[in-house]
Amino acid sequence: MTKSELIESIASQHPNMTKKHIEFIINSVFKSIKESLQKGDKVEIRGFGSFKIREKSSKVGRNPKTGDKVNVPDKKVPYFKPGKEIKELLINY
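Residues numbered from 1 in each chain as written. Predicted model: local features only at pLDDT ≥ 70, side-chain atom pairs only at ≥ 80, totals over all residues. Heavy atoms only, no water.

Undergrad: How would you sum up the overall build of the chain? Please name residues and give values.
TA: Looking only at helices and strands, the chain features three helices and five strands. Listed by position from the N terminus, the elements making up the chain come as α-α-β-β-β-β-β-α. For a compact globule of 93 residues, the expected C-alpha radius of gyration is about 12 Å, and the chain comes in at 19 Å, more than 25% above that figure. Counting only C-alpha atoms, the chain reaches 60 × 35 × 30 Å along its principal axes. Considering the chain as a whole, with its 93 residues, one finds that 13% of them fall into the buried category. If you take every contact in the chain between residues at least 6 apart in sequence, the share linking residues at least 24 apart comes to 30%. Accessible surface, the chain as shown: approximately 8100 Å² in total, 54% of it carbon and sulfur. The centroid of the 20 positive side-chain charges in the chain is displaced by 5 Å from the centroid of its 11 negative side-chain charges. (Helix = DSSP H or I, 4+ residues; strand = E, 2+ residues; numbered from the N terminus. Rg over C-alpha atoms; globule rule 2.2 N^0.38 Å. Buried < 20%, exposed > 50% of the residue type's maximum accessible area, 1.4 Å probe, protein only. Contact = heavy atoms within 4.5 Å. Areas by Shrake-Rupley, 256 points an atom, 1.4 Å probe, with all protein chains shown as cover. Lys, Arg positive; Asp, Glu negative; His and termini not counted. Charge placed at Lys NZ, Arg CZ, Asp CG, Glu CD.)

Undergrad: Lay out the environment of glutamate 85 with the relevant residues and their values.
TA: Structurally, the position occupied by glutamate 85 is in helix 3 (residues 84–91). Considered as a pair, glutamate 85 and glycine 49 are 36 residues apart in the sequence and their alpha carbons are 8.7 Å apart.

Undergrad: Outline helix 2 (residues 19–38), supporting the account with residue identities and numerical values.
TA: Helix length check: helix 2 (20 residues) gives 28 Å between terminal C-alpha atoms against 28 Å at 1.5 Å per residue, within 8%. Burial in helix 2 covers these residues: Ile22, Ile26, Ile33 and Leu37. For helix 2, the angular spread of buried residues about the axis comes to 40°, placing them on one side. Exposed and facing more than 90 degrees away from the buried side of helix 2 are Lys20, Phe24 and Gln38. Buried positions along helix 2 lie against helix 1 (3–13), strand 1 (43–45) and strand 2 (49–56). One or two steps after helix 2, the chain reaches glycine 40, where phi turns positive at roughly 95°. (Expected span 1.5 Å × (residues − 1). Arc of directions from axis to C-beta.)

Undergrad: Lay out the sheet that holds strand 5 (residues 75–82) in plain terms, naming residues and giving numbers.
TA: Read across the open sheet, the three strands follow the order 1-2-5; overall the sheet is antiparallel. Of all the strands in the sheet, just strand 1 and strand 5 have a single pairing partner and so form its edges. Each neighbouring strand pair of the sheet contributes to a mean axis angle of 25°, computed without reference to strand direction. (Pairing = 2+ DSSP bridges. Axes fitted to C-alpha atoms, helices over the stretch in contact; angles between N-to-C directions.)

So, in structure tokens, the structure goes:
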């Protein structure tokens, strides 16, 4: 599902709200999540899941084209852990 499909879905469930208003709310939620993660905070949405940043330590990798060793620096990657309700929903699907 894309963001525009999400907006359409919510708009069909709430005909009294404009798509612009729904888009503003969704963008605000996503912006808040991004800002929290950028600060290093964990974001938990009960019944859905949690977002956090994981730190990957540096390692020696390999260039697949040439086979040469390459140093891969430390990095931070986003991680999503689904909540219990989402896990159960997908298991029973």
